[in-house]
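Remarks on the overall topology
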Amino acid sequence: YGVHFKYVHFEHFKEVSDALTSKTKALFIEPISNPLMIEIDLEPYYVLAKQRGLLTIIDNTFLTPDLSTPLKEGADIVLHSATKYIGGHNDVLAGVVTVKDPDLVNQLSLLHNMIGATLSPFDSYLLQRGLKTLHLRVARSQENAQRLAKR
């Protein structure tokens, strides 16, 4: 598809800024990286992306919609591996793409429809079930992590 990418360390703003070219279309950022768990402040990248006319694509899998809402903060596209926290029961394989711009919704909907990447009704039910307990599971995970850290 002619897509090219470059890995850069988002904890170094200047490195990211210097890596941008006239062909750059988007920044793909994990606010908490996998597997090193490096935390990134997204605000400077939202500003940079707006200045350069770039999309910001945020992989919000680790933070979940319970802890972080990047669309409200300035992201254009937010991704979740719904297989992990959103599903929560290790019984569904899915991903979620969310956007707020109506034009972008239309573009992505067209592509989505063409490739046929849709969940079955039962898988959709499983994700809905997982969402109902997401806030409880995230809170308990945080409590358990805090107890371990204190030890």
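In what follows, the structure referred to is the one given above.
Here the structure is a predicted model, which means the values were calculated and not measured.

1. Some details on the layout of surface pockets
In this model, the largest pocket occupies a volume close to 1100 Å³. If you go around the largest pocket, you meet 29 residues; those closest to its centre are Phe5, Lys6, Tyr7, Phe10 and Phe28. For the lining of the largest pocket, the secondary-structure elements that each account for two or more residues are α1 (13-19) and β1 (26-29). The element best represented in the lining of the largest pocket is β1, accounting for four residues. Classifying every residue of the lining of the largest pocket gives 17 nonpolar, seven polar and five charged. The space that makes up the second largest pocket amounts to roughly 410 Å³. Val97, Leu108, Ser109, His112 and Ala117 are, among the 14 residues lining the second largest pocket, the residues nearest its centre. Elements that contribute at least two residues to the lining of the second largest pocket include exactly β4 (95-99) and α5 (102-115). With six residues, α5 is the single largest residue contributor to the lining of the second largest pocket. Its residues assigned to classes, the lining of the second largest pocket shows nine nonpolar, five polar and no charged.

Analysis parameters
Residues numbered from 1 in each chain as written. Predicted model: local features only at pLDDT ≥ 70, side-chain atom pairs only at ≥ 80, totals over all residues. Heavy atoms only, no water. 1 Å grid on protein atoms, 1.4 Å probe; cavity = no way out; pocket = protein on both sides within 12 Å on 5 of 7 lines; lining within 4 Å. Points joined across faces, edges and corners; volume = space filled by probe spheres on them. Helix = DSSP H or I, 4+ residues; strand = E, 2+ residues; numbered from the N terminus. Nonpolar A, V, L, I, M, F, W, Y, C, P; charged D, E, K, R; others polar.

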